[in-house]
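# Descriptive analysis of the structure
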Amino acid sequence: MSSPLLLLAGWIAEVVVCFYYVRLLPNPLFRWILVLVPCIILTHLTTHDLPPFSMPSMLLSTFCWFASIRLIHWIVLSPNSYVKFTPFIRKLLWMFLPIVPCPVEYRKQWPLLYDFLLSSVKIILNHWLYRWLLSCPGSDSYARLIMFFTFAVTYTFFSDFLSGIIRLITRDQYMHTTTINFPILAHSLRDFWGRRYNQLVSTVFRESIFQPVRQQLSSSTIASLLVFLVSGLLHVHLAWISVHDSQVALSSLLFFILHGIACTIEAHIPFRLPILVSWFYTQLFLLATASLQIGVFVRAGPDFFPVNAPLFFDQKWLPKLPVPNFCPK
């Protein structure tokens, strides 16, 4: 196993060399090679022997991808984005603590107490679902997929709590970026991926893939499809880290390709469906394809959940809802 300190030093060296040397090279091909090859090597060394079925392992792998995507954007595609190192490194590290200005509309619609209340409801529901899933054998039935997705969505309780703390300290001037924005309300797949689900990933992909590619190729369609392709490859890597199964990895890729095509069709249809019809179609499509992406985790069941206890799970002061004595089929 590679030394964590050596790997960290390798990533730091890559960032420094890219900014002070590679960024200034006039040949785009050389910049591509000198950014992409070290990032691939460092990502492999960082992730190749991580524990399977571990959410921290998947999170670390995601950060490696984020750093690589950011470097490709700022060093290869838009080398003049940052000319000073301090704002460059600050933006690169933003993914670890994504603080953003708190919009006036948000402050008016959602008072400070809202973040703490939402966090409280999420943590109780998250721990309840975790104990329920922990007691059930593995299965990728639709009911179990819905349970797991709700568990994953409510896992963001800590970011809501952190957002409340940041708003309190900064007197409502800043907040933690909204991670999950009620995906059940998504009335289209574009709404789901663009505004509702995993806004940290959405922000990185929008800023560092969609916008620069659209600017260079003048095509929103190609840029959007490329975002889904890269997201698919990222999740192929995460699936491989989790189970080392090529079929599962390809299922993840298929999931994002299907969603990329569906979003492209949505963007080009010359009419709009009634809002309720659109909402129903969106939720149905998400449920119908969910097994391709998250099925591996709910099927793993006893292998996945015991090693991924949510934060504060062992705290006895937290209220605990009773777990049903049956498992949804």
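Before reading further, recall that the structure is shown in the block above.
Notes on the structure follow. These numbers come from a predicted model, not from an experiment.

Before going further, it helps to spend a moment on the pattern of salt bridges. Side chains bearing opposite charge may pair, as long as their charged atoms lie close to each other. The tally for this structure, following the rule as stated, stands at eight salt bridges. The partner of aspartate 140 in a salt bridge is arginine 299, with the nearest N and O atoms 2.9 Å apart. One end of the pair, aspartate 140, is in the loop between α6 (112-134) and α7 (142-154); the other, arginine 299, is in helix α13 (residues 275-300), and 159 residues separate them in sequence. The partly exposed category is assigned to aspartate 140, whose relative accessible area is 30%. Residue aspartate 191 pairs with arginine 196 through a salt bridge whose shortest N-O separation is 3.3 Å. Classification of aspartate 191 by relative accessible area gives buried; the value is 5%. A network of salt bridges, in which partner residues are shared, links Arg70, Lys91 and Glu207.

Turning our attention to the packing of aromatic side chains. To describe a pair of aromatic rings, you give the distance between the ring centres and the angle between the ring planes. Counted according to the given criterion, the structure contains 38 aromatic pairs. An angle of 85° between the planes, with centres 5.0 Å apart, marks the rings of phenylalanine 255 and phenylalanine 256 as edge-to-face. Classification of phenylalanine 255 by relative accessible area gives buried; the value is 6%. Classification of phenylalanine 256 as buried rests on a relative accessible area of 3%.

Under the defined criterion, the tally for this structure stands at one disulfide. Residue pairing for cysteine 136: its cysteine sulfur links by disulfide to cysteine 327, the two sulfurs lying 2.2 Å apart. In this structure, the disulfide formed by cysteine 136 and cysteine 327 twists by about -100° around the S-S bond and is classed as left-handed. Here cysteine 136, found in the loop between α6 and α7, pairs with cysteine 327, found in the segment after α13; they are 191 residues apart in sequence, far enough to count as distant. Under the relative-accessibility criterion, cysteine 327 is labelled partly exposed at 22%. Free cysteine cysteine 39: the closest other cysteine sulfur is in cysteine 18, separated by 6.1 Å.

About the criteria used
- Residues numbered from 1 in each chain as written.
- Predicted model: local features only at pLDDT ≥ 70, side-chain atom pairs only at ≥ 80, totals over all residues.
- Heavy atoms only, no water.
- Salt bridge = Lys/Arg side-chain N within 4 Å of Asp/Glu carboxyl O.
- Helix = DSSP H or I, 4+ residues; strand = E, 2+ residues; numbered from the N terminus.
- Buried < 20%, exposed > 50% of the residue type's maximum accessible area, 1.4 Å probe, protein only.
- Phe/Tyr/Trp six-rings, centres within 6.5 Å; stacked < 30°, edge-to-face > 60°.
- Disulfide = S-S within 2.5 Å.

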